[in-house]
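Chain and residue survey
One-letter residues, chain by chain:
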Amino acid sequence: MENQIIMPNYAHSILNTITSILKYYNVETSHNSLKSLDEKLNKKYKNVVLIILDGMGEHILNKISPQGYFRKKQIDCITSVYPSTTTAALTTYYSGKTPYETGWIAWSQYFKEYGRAIDMLSHKESYKGESINGARINVFEKIVNYTPIFEKIEKSSLNVKAYEVMPSYSDRRSKRSIQADSIEEIVENIEMLCKNPDEKFILAYSDNPDGLLHKYGTASQEVANFVKETELKIKEMCEKLGEDTIVIISADHGHKEIEKAYSILDYPEIQECLILPASLESRVLAFWVKEEMKSVFEERFRNAFGDEFLLMTKDEFLNKDFLGYGKKHPKIDDFIGNYIALSTKGSIIRLETYLAEGKNVKKSTHCGLTKEEMEVPVIVINENERN
């Protein structure tokens, strides 16, 4: 079972979870909804609450609390999008679209407009962490922008107010945005909002257990404590809510323990083949390979990492719909180079240059194709399931 490869299933994924909510609010979409969730959204609710617990994959939950409150209320197990990472997955929740449509693929993406790899969530240069303020064009406003679901919902259901409850450092995606930096603050704000008489949709995002998983690993007591405490606090919250509220809990991706960490700089025979430094993330890497060295690159990479990474050409990768489908974002070809490597085991390849050392190796991470990273639960609590 360990290291079993799971492909993204865009007919049974987090994309379909958010599509169910969009359809509930009469938003037009070309994507299919999640049938198991549609069956729960079968009546009029004053409050629809979606809580996303970053990193709480199916196998994290099953390991820590197999008989707990969340497991008892679970209605489905679905896949993340690919890459199985917050940048791509959270953007799918926020946009109701696939990574193929949004262009939001991974942590670090190369923009030819800047001649730099840029961290998508922090909006900083990837290797040195430098600010990109002062650029003549803001790529996040002009090139990889999208319409958030909050705006779509309020436009299609005029009587509904759409809120986001987010960490204080996050970009605002809703005009009704509330800061919350802990589960306690998230719960308090959801309870407060649900008491208001307005009909509303609330998306609440917690950056844990992901942060704890990166730091301490999947088997740590710190992560177990967080998951169990979060179960208890959300259970207590749900018991206070009325029959007019439904609470949906899921994740963006799971986590995989890191067993081996390589540096791309330790492979000069691979560096020789490249035009630009690799980008994206340490478990899914985009390569820009010299045309005359493609066959050499394939051989050298597979000799070095063939047991741990699946190497594909850009066309092979796109033809298998790893990023989903829909209207192709015009930057996709730029972002993924002409080769892409996908981790299938517990290994990472650090993204480094001789100018800047790569980011610290974490205890566990995501972005690969293993079951641990790709599968997430869907949990629903409504009026018939409070206890």
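Everything in this summary refers to the structure shown in the same document. (Residues numbered from 1 in each chain as written. Predicted model: local features only at pLDDT ≥ 70, side-chain atom pairs only at ≥ 80, totals over all residues. Heavy atoms only, no water.)

1. Some points on the overall build of the chain
Secondary structure assignment for the chain yields 16 helices and 18 strands. The C-alpha radius of gyration of the chain comes to 21 Å, within 12% of the 21 Å expected for a compact globule of 387 residues. Seen through its principal axes, the chain has C-alpha atoms that stretch 65 × 45 × 35 Å. Burial status across the chain gives 60% buried among its 387 residues. Taking all contacts inside the chain whose residues are at least 6 apart in sequence as the whole, residues at least 24 apart take part in 73%. Element-wise, carbon and sulfur atoms account for 45% of the exposed surface of the chain, whose accessible area totals about 16,200 Å². (Helix = DSSP H or I, 4+ residues; strand = E, 2+ residues; numbered from the N terminus. Rg over C-alpha atoms; globule rule 2.2 N^0.38 Å. Buried < 20%, exposed > 50% of the residue type's maximum accessible area, 1.4 Å probe, protein only. Contact = heavy atoms within 4.5 Å. Areas by Shrake-Rupley, 256 points an atom, 1.4 Å probe, with all protein chains shown as cover.)

2. What about the environment of K195?
By the secondary structure assignment, K195 is in helix α9 (residues 183–195). Separated by 46 residues in the primary sequence, K195 and L241 place their C-alpha atoms 8.4 Å from one another.

3. Some thoughts on the pairing of strand β3 (residues 108–111)
A two-sided burial pattern is seen for β3, the buried positions comprising S108 and Y110 on one face and Q109 and F111 on the other. Bridge analysis of β3 against strand β4 (residues 116–119) gives four bridges, and the strand direction is antiparallel. What sits directly across from F111, in β4, is R116. A loop of four residues connects β3 with β4, the two strands running antiparallel in sequence, and G115 in this loop sits at a positive phi of about 65 degrees. (Pairing = 2+ DSSP bridges.)

4. Quick notes on the pattern of salt bridges
All chains considered together, the criterion is met by 22 salt bridges. In this structure, K46 engages D244 in a salt bridge whose closest nitrogen and oxygen atoms are separated by 3.7 Å. Highlighted residues: K46 in the loop between α2 (35–38) and β1 (47–53) and D244 in the loop between α11 (221–240) and β9 (245–250), separated in sequence by 198 residues. Using a relative accessible area of 29% as the deciding quantity, one classes D244 as partly exposed. Among the ionic pairs, D198 bridges to K161, the shortest N-O distance being 3.4 Å. One end of the pair, D198, is in the loop between α9 and β8 (199–206); the other, K161, is in strand β6 (residues 160–166), with 37 residues separating them in the sequence. Exposure remark for D198: the relative accessible area of 27% places this residue in the partly exposed category. It is possible to trace a salt-bridge network through shared partners that takes in K112, E113, K331 and D334. (Salt bridge = Lys/Arg side-chain N within 4 Å of Asp/Glu carboxyl O.)

In short, geometric facts, not functional conclusions.
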